[in-house]
Amino acid sequence: MKNVIIEGNKILFNRAGELVRLTPCGENAIRFEGFPDGREFTENFTLMPIETEAVIDNSSDYFVTMTVGRAMVKLERRGKVTFYKDDEMVIEEMPEMAFEDGYRHYDCNASGLWAARETFKAQKGEHFYGLGHENSNMLDLKGCSFDLRNVNAKCTIPYVYSSRGYGFIWNNPAVGNVELSANRTRWSVGATRKIDYVVIVGDPKSVTETLTDLTGHAPVMPHWATGFWQSRLRYETQEQLLEVARRYKEDNIPLSVIICDYFHWTEQGDYKFDPQYWPNPKEMTDELHSMGTKLVVSTWPTINENSENYWYMRDNNMLMRTTRGSDRVFSFYGWQAEIDVTNPATRKYVFSKLKENYLDNGVDSLWFDEAEPEIHPEQFDNLIMYLGRGDEVAMLYPYYYSKMAFDGFNEMGISNPVTLTRCAYLGSQKFGSLVWSGDIPSTFECLQSQVKAGLNMSLCGIVWWNTDIGGFWGGDPEKEEYKELFIRWFQYGVFSPVMRAHGHREKHTPRSKLKEASGGGNEIWSYGEENYETLKNLILLRERLRPYIEKQMEIASEKGYPIMRAMFFDYPDDEICYTLGEQYMFGEDILFAPIVNQGQTVKSVYLPEGDWILTKNKQEYKGGKTYEIEAKIDEFVAFVKKGKSVIDCF
């Protein structure tokens, strides 16, 4: 075919207004790049392409093909691309004009960047999963439209897995939109320099392995992080936090982690304890460590001129700037600027402060809140970062935020740090990012939605994920309906990658007492004596499950297989498994079906092929059927594959 240049394993194709580049990208993976300027350049963002052999056939006058393992792409003379798995078409471009013309669309902006979109044909019976987490209450994302942006309680990972047997990486950190609608699949952004995506063909496990190779492997989660984490909004003083840890110790309840939340600091941007309320951090951490408990401390990316670090960071261009107005982009106790973690100098400077004031005083890990970053109003085109304009690169912010911690801990000799973070991007897992789903409401409807959100996030390479047990806001520990929700959510927490109780409970501390109000009690004794025993037993169950969980964490690090995964991940040939959003596999051997409705005591559960053991009574069930399982408030529904030793934990 004319207008094609073949250079080794690379195909270059010129046409009016575009240069196309096709390259092998990994096992069964092919990358497409379209350059509207007609000039070839290399920008991988967070992708790590793997050198792979390809077979190229340019013998036809009408098309050229590239084959990489089971994947093949056909590029036609008119510009159309079609991808195949084992000679079966899986994804096909859709024209925007008559006569099968108009593939890919670019509009030049005044900034010199391009608005771009890529459209594919809708395929009958196709289902999509992934795209990070969002409170959509959808497992199958077919028929949905999603913004490509990050805000509180919404983390976009621009990747989907299709039931047709392929994964699709939209390798572009720009703000945009994706339509997975009935008439088309369309990816679009408002400010970019190219269209860039990768198609990986195969079953869920093989695609996930390639996705992980391309975006990065998570470390093996350290032992200390696999137990129970206690948090609330917020422990007001050093002594209050220690009293909670002592109570767990006295009651013989293993407490792996306790968290010191926000506004323990002197000023936003100071990165240190307020000595009025936290007089001796090293003494505090020493006592916690003697009880077998780690301390995690919250930080925000906000800063203002009252901070001791503000003027140095401002004068050295370490803060995000704006194209119009002042550089204040978030209001919380006055207007705040945000640190620019895409700048290497910022990352080095800020981590030095975190190390000096926290880590050198025995703090074990960090919690990066507001990590999207949160800005108001959400005018991404108004942001200027070290890497570029916000509308072009905004989704990279949480990636570099986590990289700051990972690089800093590595310099300290810690190779497997854990950083709790409110947002992530493609590849964040390799920095030890433990993503949580943000400030979500304390309702059964939200719990139902979170189960599906976690399964979608886990398919995107982010193997460490969790929620605020009980939801973040709106829960009253004195009300029976909330106690029920908390117990059901606590059961879900046992079967989450990390089990962490947190939330802004009602019965607040008056705002006049402290600079920032605190919520009510959120410890397991806050929910009544009878419920205390139930919650205690769930923590002890989690403790018994830790060897199993840690084995699954090793697999997650090696292969990218998520701990919490949709049923079709292990049973891709069972069509029913693609429809199940309220049950999932927890590792290789446990099937968990959370109770997600108020007053519910019977759960409908589908068991795939094989023999299964119900954990609460060790009764055996045959797979291939749906069963109605009773679960009173102090019971949950979980099955173990017959013959697996993890049954002994129950």
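The sections below set out a description of the structure shown in this document. Because the structure is predicted, anything quoted here is derived from the model rather than measured.

**What to know about the overall build of the chain**
- Helix and strand counts for the chain stand at eleven helices and 40 strands.
- The C-alpha atoms of the chain give a radius of gyration of 25 Å, which matches the 26 Å a tight globule of 650 residues would have.
- If one aligns the C-alpha atoms of the chain with their principal axes, the spans along those axes are about 80 × 70 × 40 Å.
- Expressed as a percentage of the 650 residues in the chain, the buried residues total 64%.
- For the chain, contacts bridging at least 24 residues in sequence account for 70% of all contacts bridging at least 6.
- In the structure as shown, the chain presents an accessible area of about 23,100 Å², 46% of it carried by carbon and sulfur atoms.
- A gap of 2 Å separates the mean positions of the 71 positive and 95 negative side-chain charges of the chain.

**Some words on the pairing of strand β2 (residues 10–15)**
- Pairing between strand β1 (residues 4–7) and β2: four bridges, direction antiparallel. Bridging across to β2, Ile6 finds its partner in Ile11.
- Hairpin remark: β2 followed by strand β3 (residues 18–26), antiparallel, with two residues in the connecting loop; positive phi at Gly17, about 80 degrees.

**Focus: the sheet that holds strand β38 (residues 620–622)**
- Strands sit in the order β33-β34-β35-β40-β37-β38 across an open sheet of six strands; the sheet is antiparallel. If you trace the sheet from one side to the other, it starts and ends with β33 (564–565) and β38, each paired once.
- Where strand β37 (residues 611–614) and strand β40 (residues 638–641) come together, three bridges link them in antiparallel fashion. Its bridge partner lying in β40, Leu614 is registered against Phe639.

**Section: the sheet that holds strand β8 (residues 81–85)**
- Pairing is antiparallel in the open sheet, where five strands are placed in the order β5-β6-β7-β8-β9. The two strands at the open ends of the sheet, each matched to only one other strand, are β5 (55–57) and β9 (88–92). In this sheet, neighbouring strand axes are inclined to one another by 20 degrees on average, regardless of whether the strands run parallel or antiparallel.
- Of the pairings in the sheet, the one linking β5 to strand β6 (residues 63–68) comprises three bridges and is antiparallel in character. What sits directly across from Val55, in β6, is Thr67.

**As for the packing of aromatic side chains**
- Under the definition given, this model contains 55 aromatic pairs.
- Both rings, one in Phe406 and one in Phe431, keep their centres 5.6 Å apart while their planes meet at 50 degrees; by these two values the pair is tilted. With Phe406 in helix α7 (residues 397–411) and Phe431 in the loop between β29 (419–421) and β30 (433–436), this pair connects stretches of sequence that are 25 residues apart.
- Owing to a relative accessible area of 14%, Phe406 belongs among the buried residues under this scheme.
- Classification of Phe431 as buried rests on a relative accessible area of 5%.
- An aromatic cluster is present here, built from Phe32, Phe83, Phe120, Phe168, Trp170, Trp187 and Tyr197 joined pairwise through their rings.
- We note Lys430 situated over the ring of Phe431; from NZ or CZ to the ring centre the distance is 5.2 Å.

**A word on empty space enclosed by the protein**
- Inspection of every chain in the model, using the stated rule, returns four cavities of 30 Å³ or more.
- Counted as a void, the largest cavity has a volume near 70 Å³.
- Taken together, the residues that form the lining of the largest cavity break down as five nonpolar, five polar and one charged.
- In this structure, the second largest cavity occupies an estimated 60 Å³ of space.
- Lining the second largest cavity, in full, are Ile91, Phe120, Lys121, Gln123, Glu126, Phe128, Val160, Tyr166, Phe168, Thr185 and Trp187.
- Elements with a minimum of two residues in the lining of the second largest cavity: β11 (114–121), β15 (166–170) and β17 (184–192).
- Considering only residue class, the lining of the second largest cavity consists of seven nonpolar, two polar and two charged.

**What about the nonpolar core?**
- In terms of nonpolar packing, the biggest core is built from 217 residues, with Phe168, Tyr197, Trp229, Phe490, Phe495 and Phe639 touching the most fellow members.
- Top contributing element to this core by residue count: helix α10 (residues 529–559), with eleven residues.

**Thoughts on a negative patch on the surface**
- A cluster of acidic residues, Glu529, Glu530, Glu533 and Asp634, forms a negative patch at the surface.
- Mapping Glu529 onto the fold places it in helix α10.
- Judged by its relative accessible area of 70%, Glu529 falls in the exposed class.

**Points about α7**
- If you check α7, its first and last C-alpha atoms are 22 Å apart, about what 15 residues at 1.5 Å a residue would give, namely 21 Å.
- α7 sits mainly inside the fold: eleven of its 15 residues count as buried.
- Buried within α7 are the following residues: Tyr397, Pro398, Tyr399, Tyr400, Tyr401, Ser402, Met404, Ala405, Phe406, Gly408 and Phe409.
- Positive backbone phi, at 90 degrees, marks Gly413, one or two positions downstream of α7.

Cut-offs applied
- Residues numbered from 1 in each chain as written.
- Predicted model: local features only at pLDDT ≥ 70, side-chain atom pairs only at ≥ 80, totals over all residues.
- Heavy atoms only, no water.
- Helix = DSSP H or I, 4+ residues; strand = E, 2+ residues; numbered from the N terminus.
- Rg over C-alpha atoms; globule rule 2.2 N^0.38 Å.
- Buried < 20%, exposed > 50% of the residue type's maximum accessible area, 1.4 Å probe, protein only.
- Contact = heavy atoms within 4.5 Å.
- Areas by Shrake-Rupley, 256 points an atom, 1.4 Å probe, with all protein chains shown as cover.
- Lys, Arg positive; Asp, Glu negative; His and termini not counted.
- Charge placed at Lys NZ, Arg CZ, Asp CG, Glu CD.
- Pairing = 2+ DSSP bridges.
- Axes fitted to C-alpha atoms, helices over the stretch in contact; angles between N-to-C directions.
- Phe/Tyr/Trp six-rings, centres within 6.5 Å; stacked < 30°, edge-to-face > 60°.
- Lys NZ or Arg CZ within 6 Å of the ring centre and 35° of its normal.
- 1 Å grid on protein atoms, 1.4 Å probe; cavity = no way out; pocket = protein on both sides within 12 Å on 5 of 7 lines; lining within 4 Å.
- Points joined across faces, edges and corners; volume = space filled by probe spheres on them.
- Nonpolar A, V, L, I, M, F, W, Y, C, P; charged D, E, K, R; others polar.
- Core = buried A, V, L, I, M, F, W, Y, C linked by side-chain atoms within 4.5 Å.
- Patch = residues over 30% accessible without salt bridge, like charges linked within 9 Å, V, L, I, M, F, W, Y side chains within 5 Å.
- Salt bridge = Lys/Arg side-chain N within 4 Å of Asp/Glu carboxyl O.
- Expected span 1.5 Å × (residues − 1).

Geometric values such as these leave the question of function open.
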